[in-house]
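Remarks on the overall topology
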Amino acid sequence: QVQLVESGGGLVQPGGSLRLSCAASGFTLDNYAIGWFRQAPGKEREGVSYIGSGTTYYADSVKGRFTISRDNYKNTIYLQMNSLKPEDTAVYYCATVPLRRKASDTNWSTLKYDYWGQGTQVTVSS
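Residues numbered from 1 in each chain as written. Predicted model: local features only at pLDDT ≥ 70, side-chain atom pairs only at ≥ 80, totals over all residues. Heavy atoms only, no water.

**Brief notes about the pairing of strand β1 (residues 3–7)**
Because side chains alternate across β1, one face comprises the buried residues Leu4 and Glu6, and the other comprises Gln3, Val5 and Ser7, none of which is buried. One ladder, built from 5 bridges, connects β1 with strand β3 (residues 18–25); its direction is antiparallel. When the sheet's bridge partners are listed, leucine 4 is paired in β3 with alanine 24. (Buried < 20%, exposed > 50% of the residue type's maximum accessible area, 1.4 Å probe, protein only. Helix = DSSP H or I, 4+ residues; strand = E, 2+ residues; numbered from the N terminus. Pairing = 2+ DSSP bridges.)

**What to know about the pattern of salt bridges**
The final tally for this structure, using the stated rule, is 5 salt bridges. We note a salt bridge from glutamate 46 to arginine 38, for which the minimum N-O separation is 2.7 Å. Among the residues examined, glutamate 46 registers a relative accessible area of 35% and is labelled partly exposed. With a relative accessible area of 5%, arginine 38 lands in the buried category. A salt bridge links aspartate 88 to arginine 38, with the shortest nitrogen-to-oxygen separation between them at 2.9 Å. Taken as a pair, aspartate 88 in the loop between β8 (76–81) and β9 (90–98) and arginine 38 in strand β4 (residues 32–39) lie far apart in primary sequence, 50 residues in all. Like arginine 38, aspartate 88 is buried. Residues joined in a network through salt bridges with shared partners are Arg38, Glu46, Arg65 and Asp88. (Salt bridge = Lys/Arg side-chain N within 4 Å of Asp/Glu carboxyl O.)

**Quick word on the nonpolar core**
It is characteristic of soluble globular proteins that their nonpolar side chains tend to be buried jointly. Core analysis: the largest hydrophobic core is formed by 28 residues, its most contacted members being Trp36, Phe66, Ile77, Leu79, Met81 and Tyr92. Among the secondary structure elements, those contributing two or more residues to this core are β3, β4, β5 (46–51), β7 (66–71), β8, β9 and β11 (120–124). The element contributing the most residues to this core is β3, with 4 residues. Residues contacting methionine 81, with those up to four places away along its chain left out, are Gly16, Ser17, Leu18, Leu20, Arg65, Phe66, Tyr92 and Val122. Membership of the second largest hydrophobic core comes to 9 residues, among which are Ala33, Tyr50, Val97 and Leu111. (Core = buried A, V, L, I, M, F, W, Y, C linked by side-chain atoms within 4.5 Å. Contact = heavy atoms within 4.5 Å.)

**A closer look at the state of the cysteines**
Scanning the model with the defined rule gives 1 disulfide in all. Here cysteine 22 pairs with cysteine 94 through a disulfide, and the sulfurs are 2.0 Å apart. Across the S-S bond of cysteine 22 and cysteine 94 the torsion is about 75°, and the bridge reads as right-handed. Residue cysteine 22 is located in strand β3, and its partner cysteine 94 is located in strand β9; the two are separated by 72 residues in the primary sequence. Residue classification places cysteine 22 among the buried positions, given a relative accessible area of 0%. (Disulfide = S-S within 2.5 Å.)

**Here's the deal with the packing of aromatic side chains**
Under the definition given, this model contains 8 aromatic pairs. The interplanar angle of 45° and the centroid separation of 6.5 Å between the aromatic rings of phenylalanine 37 and tryptophan 108 together place this pair among those described as tilted. Taken together, the residues span a long stretch of sequence, with phenylalanine 37 in strand β4 and tryptophan 108 in the loop between β9 and β10 (115–116) at a distance of 71 residues. Judged by relative accessible area, which is 3%, phenylalanine 37 ranks as buried. Overall, tryptophan 108 belongs to the buried group, its relative accessible area being 5%. On the numbers, 5.5 Å between centres and 40° between planes, the contact of tyrosine 50 with tyrosine 57 is tilted. Residue tyrosine 50 is classed as buried on the basis of its relative accessible area of 4%. A relative accessible area of 17% places tyrosine 57 in the buried class. Through a chain of ring-to-ring contacts, three or more aromatic side chains come together here, namely Phe37, Tyr50, Tyr57, Trp108, Tyr113 and Trp116. Positioned above the aromatic ring of phenylalanine 37 is the side chain of arginine 45, whose terminal nitrogen or guanidinium carbon lies 5.8 Å from the ring centre. (Phe/Tyr/Trp six-rings, centres within 6.5 Å; stacked < 30°, edge-to-face > 60°. Lys NZ or Arg CZ within 6 Å of the ring centre and 35° of its normal.)

These results come straight from atomic positions and should not be treated as a statement about function.
Printed below as a string of structure tokens:
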């Protein structure tokens, strides 16, 4: 069974850091690119970051603060989040897209992602 499980969310103060993990099972991540998305109540889901085989993209709102990485040996994707702001509060999801669907810095968040995790809550508050 194809499955993605996010973890690492929690409550953090503004300016703090969290590292989210996205663990895959039932398939190997080296065949896929991964996107991180987030959704807050009353807001549309938005793309946060993307990692392919040798390419990364970030939403303007997180550039310089978040770093996406992958460990294919562990079949896991990470999102290191630094300098967190209250506006980062949301449920964060990871999702897969085949590498053959080529991404750019303008289209990566709107590609058709096939598999999604159930999300992990990130709350940034003092």
